[in-house]
Number of protein chains: 2
Amino acid sequence: MTEGNPAGVGLRERKKRATRAALVAAAVRLAAEHGAEHVTVDAISEAAGVSARTFFNYFDARDDVFVMIGADASARVRQAVLAAPAELSPLEALRDAVAIELAEIEQQQELWRLHAEVLRHSPHLLARSLGAHMADELALAETLAERMGAGSPLFAGDRAGLGSPDDERRRRALGLHPRLLAAVGIAAVRVAVEHWCVRQDELAFADVFRETFDHLAAGLPAPAGPAGPADR
Amino acid sequence: MTEGNPAGVGLRERKKRATRAALVAAAVRLAAEHGAEHVTVDAISEAAGVSARTFFNYFDARDDVFVMIGADASARVRQAVLAAPAELSPLEALRDAVAIELAEIEQQQELWRLHAEVLRHSPHLLARSLGAHMADELALAETLAERMGAGSPLFAGDRAGLGSPDDERRRRALGLHPRLLAAVGIAAVRVAVEHWCVRQDELAFADVFRETFDHLAAGLPAPAGPAGPADR
DNA sequence: ACGCAAAGATGCAGAGTCTGCAAAAAGTGC
DNA sequence: GCACTTTTTGCAGACTCTGCATCTTTGCGT
């Protein structure tokens with residue numbers, strides 16, 4: 001662990017990132033052209049200029065290369081949630097943090113457009129992608145809990161993944177409310193993105209995004225009388 | 001024994017269901033014992049008494065056998081949502097429909113308990129399972145839209161899956177609100193189940209479930225109140 | 001009962017995915 | 001330049017999944 005890299009990270013690290021990016025770019029480009037199912041690891045690796053064996057040093061499965069796109073964005077969102085002004089509600093803080101991240105993504109439009117195209121044509125990958133996003137939910141719930149005054153930093157360790165050893169311990173330490181907030185917030189973001197994707201030409205994304213969170217804040221339904229949930 | 005099949009479907013259909021159930025049961029049992037990653041298709045097939053080739057007549061991928069458990073439950077939920085009394089809000093109708101389904105699942109406890117165990121130990125499968133559930137979201141959104149007075153039956157065709165040809169058309173026909181309701185409702189159910197799974201011994205599921213939807217109905221913005229998760 | 005057509009099960013060949021291992025190559029620090 | 005660490009690569013081998021041909025079972029009319 002040699003840090004202290006002043007201006008840039010070491011050459012090793014830079015090369016690694018470059019290789020990973022090259023693999024992702026090659027994969028998405030090939031998939032957009034020939035369909036994700038028909039793109040072999042060999043083809044991706046060759047297009048990226050590495051051996052097929054090396055591909056699996058970067059991704060646990062072939063499909064991951066189509067799913068691991070915004071892997072580090074969620075970490076930035078959590079950071080922004082913590083840093084948000086205290087007068088914002090948790091949901092508002094999340095909304096603004098995501099908005100910033102989405103705005104940045106719009107810069108790299110091209111790759112993301114292709115990526116969306118690939119997912120649209122491969123339901124299998126779409127499902128996988130959605131599942132992957134869920135993994136972030138626990139981390140976000142912890143961040144929200146921390147922000148909501150409970151104050152307990154809980155665990156500093158980050159992104160341990162769904163199945164990590166202390167995953168269960170972490171879940172136990174979380175209240176129901178932060179988890180619900182995280183789940184609902186992520187769901188709202190997803191719905192906004194999907195809704196806009198389907199009619200990009202008609203609507204501005206910012207509007208859809210705002211409208212979605214307005215619905216949420218307004219309390220979604222009209223609360224009516226109680227109806228005992230089926231107890232037995 | 002060639003009578004007309006009175007109440008039951010034909011023998012062919014019954015055998016098919018039996019085989020499918022046998023495969024699922026064998027897979028879950030083996031996975032609970034040896035870990036999902038170490039269970040081969042050959043082993044599952046042999047335990048179920050069919051050839052390995054036949055396995056793929058039932059599931060598109062090996063992992064699907066661990067994911068396709070409640071495949072038909074979602075259809076029943078949608079049906080119940082439509083049949084619910086008109087005075088219930090959409091979220092309430094969904095809540096009650098799901099409660100009924102979950103109560104029935106508690107009957108088959110054993111298989112589901114093993115299944116939960118398997119998912120807990122295999123993050124990969126958990127992500128996949130979550131992704132699969134998302135596929136139901138669109139169908140549920142349509143059902144909710146239909147219930148919410150818009151009245152247009154939209155498309156009768158059911159469970160066409162994420163990538164079906166008219167998938168896009170169907171998405172375009174849906175408003176933002178029903179989709180948000182569906183997404184949020186499913187997220188709430190998921191959080192309730194997960195939260196309860198982690199502390200089965202301490203809490204009654206019915207309570208967790210009710211509390212979760214109470215939070216939702218109350219409008220999520222946190223009262224920021226009780227700092228300490230007064231659990232334990 | 002008989003026989004035919006449809007549906008399902010099976011075996012096999014072959015392409016593709018993914019892992020462990022050990023040697024070669026490349027980056028890092030002295 | 002030299003030792004040390006990390007990464008890449010080739011290779012063997014197990015496993016996943018598909019297309020195709022064949023054989024068995026089931027549904028049904030006669």
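The preceding data block contains the structure.
Quick look at the structure, then.

## Quick word on the nonpolar core
Link 1 in the chain: With 62 residues, the main nonpolar core has A:Phe209 and B:Phe209 as its most contacted residues.
Link 2 in the chain: Counting residues in hydrophobic clusters, the runner-up holds 50 residues, among them A:Ala31, A:Phe55, B:Ala27 and B:Leu125.

## Observations regarding the protein's contact with DNA strand D
Link 1 in the chain: Within the structure, DNA strand D sits among 20 residues, and A:Thr54, A:Tyr58, B:Lys15, B:Arg53 and B:Arg62 are positioned closest to it.
Link 2 in the chain: A:Ser51 places a main-chain nitrogen or oxygen 2.9 Å from a phosphate oxygen of DNA strand D.
Link 3 in the chain: With respect to DNA strand D, the side chain of B:Arg53 contributes an N or O atom lying 2.5 Å from a base oxygen.
Link 4 in the chain: Where the surface near DNA strand D is concerned, the elements lending two or more residues are α1 (11–34) and α3 (52–58) of chain A together with α1 (11–34) and α3 (52–58) of chain B.
Link 5 in the chain: Looking at the surface near DNA strand D, its residues break down into seven nonpolar, five polar and eight charged.

## Section: helix α5 (residues 90–105) of chain B
Link 1 in the chain: In this model, α5(B) (16 residues) spans 23 Å end to end at C-alpha, consistent with the 22 Å of a helix rising 1.5 Å per residue.
Link 2 in the chain: All of the buried residues in α5(B) are B:Pro90, B:Leu91, B:Glu92, B:Ala93, B:Leu94, B:Arg95, B:Asp96, B:Ala97, B:Val98, B:Ala99, B:Glu101 and B:Leu102.

## Observations regarding the packing of aromatic side chains
Link 1 in the chain: Under the counting rule described, the total for this entry stands at ten aromatic pairs over all chains.
Link 2 in the chain: Taking the centre distance of 5.7 Å and the plane angle of 40° together, the rings of B:Phe205 and B:Phe209 count as tilted. Here B:Phe205 and its partner B:Phe209 are both found in helix α10 (residues 205–217), four residues apart, which amounts to about one turn of the helix. The same class applies to B:Phe205 as to B:Phe209, namely buried.
Link 3 in the chain: Site record: aromatic cluster; members linked through ring pairs are A:Trp196, A:Phe205, A:Phe209 and A:Phe213.

## A word on the protein's contact with DNA strand C
Link 1 in the chain: Around DNA strand C lies a shell of 21 residues, among which A:Lys15, A:Arg53, A:Arg62, B:Lys16 and B:Thr54 are the nearest.
Link 2 in the chain: If you look at DNA strand C and keep only atoms within 4 Å of the protein, 67% of those are sugar or phosphate atoms.
Link 3 in the chain: Between DNA strand C and A:Leu11 there is a distance of 3.1 Å, counted from a phosphate oxygen to a backbone nitrogen or oxygen.
Link 4 in the chain: The contact in question runs from a phosphate oxygen of DNA strand C to an N or O atom on the backbone of B:Ser51, over 2.8 Å.
Link 5 in the chain: For the surface near DNA strand C, the secondary structure elements donating two or more residues are α1 and α3 of chain A together with α1 and α3 of chain B.
Link 6 in the chain: For the surface near DNA strand C, the element with the highest residue contribution is α3(B), accounting for four residues.
Link 7 in the chain: Taken together, the residues of the surface near DNA strand C sort by class into seven nonpolar, six polar and eight charged.

## A few points about the pattern of salt bridges
Link 1 in the chain: According to the stated counting rule, one finds 23 salt bridges over all chains in the structure shown.
Link 2 in the chain: With its nearest N and O atoms 3.4 Å apart, the salt bridge here joins A:Arg128 to A:Asp64. Residue A:Arg128 is found in helix α7 (residues 123–150), and its partner A:Asp64 is found in the loop between α3 and α4 (73–83); the two are separated by 64 residues along the sequence. Per residue, the accessibility class of A:Arg128 equals that of A:Asp64, and both read buried.
Link 3 in the chain: Put simply, A:Glu137 and B:Arg190 hold a salt bridge, and the shortest N to O gap is 2.9 Å. In this pair, A:Glu137 is assigned in helix α7 and B:Arg190 in helix α9 (residues 176–198), connecting two distinct chains. An identical accessibility class is assigned to A:Glu137 and B:Arg190; each is buried.

## Examining helix α2 (residues 41–48) of chain B
Residues and elements named next belong to chain B.
Link 1 in the chain: Taken residue by residue, α2 has Val41, Ile44, Ser45 and Ala48 as its buried positions. Taken end-on, α2 shows its buried residues confined to a sector of 95°, consistent with a single buried face. In α2, those exposed residues whose orientation departs by more than 90 degrees from the buried face are Asp42, Glu46 and Ala47.
Link 2 in the chain: Within two residues after α2, Gly49 carries a phi angle of roughly 80°, on the positive side.

## Some words on the side chain of B:Arg95
Link 1 in the chain: Assignment of secondary structure puts B:Arg95 in helix α5.
Link 2 in the chain: The class for B:Arg95 is buried, based on a relative accessible area of 9%.

## Considerations on the side chain of A:Arg128
Link 1 in the chain: By relative accessible area, which is 16% here, A:Arg128 ends up buried.
Link 2 in the chain: For A:Arg128, the side chain forms a polar contact with the side chain of A:Asp64, separated by 3.4 Å.
Link 3 in the chain: Other than its neighbours up to four places away in sequence, A:Arg128 contacts A:Ala61, A:Asp63, A:Asp64, A:Val67, B:His124 and B:Arg128.

Calculation criteria
- Residues numbered from 1 in each chain as written.
- Chains lettered and ligands numbered in written order.
- Predicted model: local features only at pLDDT ≥ 70, side-chain atom pairs only at ≥ 80, totals over all residues.
- Heavy atoms only, no water.
- Core = buried A, V, L, I, M, F, W, Y, C linked by side-chain atoms within 4.5 Å.
- Buried < 20%, exposed > 50% of the residue type's maximum accessible area, 1.4 Å probe, protein only.
- Near = heavy atom within 4 Å.
- Polar contact = N/O pair within 3.5 Å; in protein donor to acceptor, adjacent residues only side chain to side chain.
- Helix = DSSP H or I, 4+ residues; strand = E, 2+ residues; numbered from the N terminus.
- Nonpolar A, V, L, I, M, F, W, Y, C, P; charged D, E, K, R; others polar.
- Expected span 1.5 Å × (residues − 1).
- Phe/Tyr/Trp six-rings, centres within 6.5 Å; stacked < 30°, edge-to-face > 60°.
- Salt bridge = Lys/Arg side-chain N within 4 Å of Asp/Glu carboxyl O.
- Arc of directions from axis to C-beta.
- Contact = heavy atoms within 4.5 Å.

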